[in-house]
Amino acid sequence: MSVTPPPGRPSAETLSDLAKTAWRNNARCIGRLHWNTLELLDARTATSADEVFEACVAHLRFSTNGGRVRSAVTVFAPAEGDERGIRIWNRQLLRYAGYRARDGSVLGDPDQLEFTEKLIGLGWQPPADRGAFDLLPLAIEIPGDRPRLYPLPSDAVLEVPISHPELSWFAGLGLKWHAVPVISDMALVGDGLRFPAAPFSGHYMGTEIASRNFGDESRYNVLPLVADRMGLDRRARRMLWKDRALVELNTAVLHSFREAGVAIVDHHTASAQFVQHLKNEETCGRPVPGDWSWLVPPMSGSACPVFHRYYDSPQPGPAFVDQPRAW
Ligand code: ARG
């Protein structure tokens, strides 16, 4: 006997289909070949901040899975009408603090500077010995209440120290990154419902960490450091020191994740997988929304097949959508 859920409260199966379709519809994601493997963690009954936090920790454990990363979405209660609903203030469940020093330089992730200051304002105490990779606590808001802060239990967080297969000095840079990206500030919208807290995660593509998180000037900005250690002359741009440093940085990230037994995909493989996805979808007669500027990897673009074509831009629903930041 099947139990009919009350109207407006989809069954777990319907909700799972909704989330899978939202992933498949996401124009920015190159990893959509795997859309049908998304696991739903149904947390719609979580009502207190404590329960929401517990479900977030459960998500981390489930998706990390000792390195055999599983794609997952945790769905919390939908918002009624234009109510704010449950909000996780963090952009991702795992992010590193950014601290501004007196001389204007930044320790940690500059992308998290403002949020780190916000958290400190809310009472978070950074470690006495501040570092470049201090995990931020979660800030969880339940309608009608102030946000509550929760430090993450270290046994729920897997991190990978970065070394290089040939350059032995690389490990000495002291770089590391977390194994799983979990986007926690987007809303899942579809079937007339809006879920303002629906953290979702997949596995990493190497360039996300190496080229962007480490390489961007506005992030950890390690290219000059890597180039110097490689003995490259940084005076002339045409010597391509940035490009050479990028290759070694990307090599190091892919190597380190593999060594640690943590799932990650290189941009060539991800690109080929996306082309397979395009074929699959064509067979099903479904258009594939795509945003070229997001799909083309941030290094060696033209060496990846996704570079050599354009994509449909309409954004169908259901969808994961940006929402005004909670703080
Ligand atoms: N680029 C983001 C980061 O570096 C993660 C975005 C989602 N990525 C993914 N592979 N699902 O943390």
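Residues numbered from 1 in each chain as written. Predicted model: local features only at pLDDT ≥ 70, side-chain atom pairs only at ≥ 80, totals over all residues. Heavy atoms only, no water.

Undergrad: I'd love a proper account of the sheet that holds strand S6 (residues 138–141), names of residues and values included.
TA: Judged by pairing direction, the sheet is antiparallel, and its 3 strands sit side by side in the order S3-S6-S7 without closing on themselves. A single partner strand is all that each edge strand has here, and the edge strands are strand S3 (87–88) and strand S7 (148–150). On the sheet, helix H2 (residues 49–64) packs against S3, S6 and S7 and is oriented at approximately 135° with respect to S6. (Pairing = 2+ DSSP bridges. Helix = DSSP H or I, 4+ residues; strand = E, 2+ residues; numbered from the N terminus. Contact = heavy atoms within 4.5 Å. Axes fitted to C-alpha atoms, helices over the stretch in contact; angles between N-to-C directions.)

Undergrad: Explain the site of the ligand residue by residue, including any values.
TA: Around the ligand sit Gln92, Arg95, Pro181, Ile183, His203, Tyr204, Glu208 and Asn213, and that is every residue in its neighbourhood. Contact distances for the ligand include 2.9 Å between an oxygen atom and a side-chain N or O atom of Gln92. At a separation of 2.7 Å, a nitrogen atom of the ligand approaches a polar backbone atom of His203. More than half of the atoms of the ligand fall within 2 Å of the grid points belonging to the largest pocket. When its residues are assigned to classes, the shell around the ligand shows 3 nonpolar, 3 polar and 2 charged. (Near = heavy atom within 4 Å. Polar contact = N/O pair within 3.5 Å; in protein donor to acceptor, adjacent residues only side chain to side chain. 1 Å grid on protein atoms, 1.4 Å probe; cavity = no way out; pocket = protein on both sides within 12 Å on 5 of 7 lines; lining within 4 Å. Sits in = over half its atoms within 2 Å of the grid points. Nonpolar A, V, L, I, M, F, W, Y, C, P; charged D, E, K, R; others polar.)

Undergrad: Tell me what's going on with the pairing of strand S1 (residues 39–42), and back it up with residues and numbers.
TA: Pairing analysis gives 4 bridges linking S1 to strand S2 (residues 72–75), with the strands arranged parallel. Bridge pairing in S2 places Leu40 opposite Val73. Traced from S1 through H2 to S2, the parallel crossover comes out right-handed. (Right-handed = clockwise from strand over helix to strand, strands pointing away.)

Undergrad: I'd like a rundown of the sheet that holds S1, residues and numbers included.
TA: With mixed pairing, 4 strands are arranged side by side in an open sheet as S1-S2-S13-S10. The two strands at the open ends of the sheet, each matched to only one other strand, are S1 and strand S10 (182–183). Two strands pair when backbone bridges link them, and S10 and strand S13 (residues 200–201) are joined in this way by 2 bridges, in the antiparallel orientation. Bridged to Ile183 within S13 is Phe200. Across the face of the sheet, helix H1 (residues 12–24) comes into contact with S1 and S2 while running at roughly 130° to S1. Along the sheet, H2 makes contact with S1, S2, S10 and S13, crossing S2 at roughly 165°.

Undergrad: Talk me through the pattern of salt bridges; I want residue IDs and the actual numbers.
TA: With the rule as written, the count across this model stands at 16 salt bridges. For Arg219, the salt bridge is made with Asp109, and the minimal N-O distance between the two is 2.8 Å. Here the residue Arg219 occupies a position in the loop between helix H4 (206–214) and helix H5 (223–229), and Asp109 occupies one in the loop between strand S5 (106–108) and helix H3 (113–121), the gap between them amounting to 110 residues. Residue Arg219 shares its accessibility class with Asp109, and that shared class is buried. (Salt bridge = Lys/Arg side-chain N within 4 Å of Asp/Glu carboxyl O. Buried < 20%, exposed > 50% of the residue type's maximum accessible area, 1.4 Å probe, protein only.)

Undergrad: Report on the nonpolar core, specifying residues and quantitative values.
TA: Ranked by size, the top nonpolar core spans 54 residues in total, and within it Phe76, Ile162, Phe170, Leu175, Phe214 and Leu249 carry the most contacts. Among the elements of the structure, H2, S6, H4, H5 and helix H6 (241–260) are those that each provide at least two residues to this core. Beyond its immediate chain neighbours, meaning those up to four positions away, Phe76 contacts Ala43, Arg44, Ala46, Val52, Ala55, Cys56, Ile86, Ile88, Phe195, Ala197 and Pro199. (Core = buried A, V, L, I, M, F, W, Y, C linked by side-chain atoms within 4.5 Å.)

Undergrad: Account for the packing of aromatic side chains, naming residues and giving values.
TA: Across all of its chains, the model carries 12 aromatic pairs by this definition. Geometrically, the ring pair formed by Trp177 and Phe214 is edge-to-face, given 5.5 Å between the ring centres and 90° between the ring planes. You can see Trp177 sitting in strand S9 (residues 176–178) and its partner Phe214 sitting in helix H4, a full 37 residues away along the chain. Each member of the pair, Trp177 together with Phe214, is buried. Between the aromatic rings of Phe214 and Tyr220, the centroid separation amounts to 6.1 Å while the plane-to-plane angle is 85°, which identifies the pairing as edge-to-face. Taken individually, Phe214 and Tyr220 each receive the classification buried, so the pair is uniform in this respect. Between Arg28 and the ring centre of Trp294, over which it is positioned, the NZ or CZ distance is 4.3 Å. Between Arg234 and the ring centre of Trp241, over which it is positioned, the NZ or CZ distance is 5.5 Å. (Phe/Tyr/Trp six-rings, centres within 6.5 Å; stacked < 30°, edge-to-face > 60°. Lys NZ or Arg CZ within 6 Å of the ring centre and 35° of its normal.)

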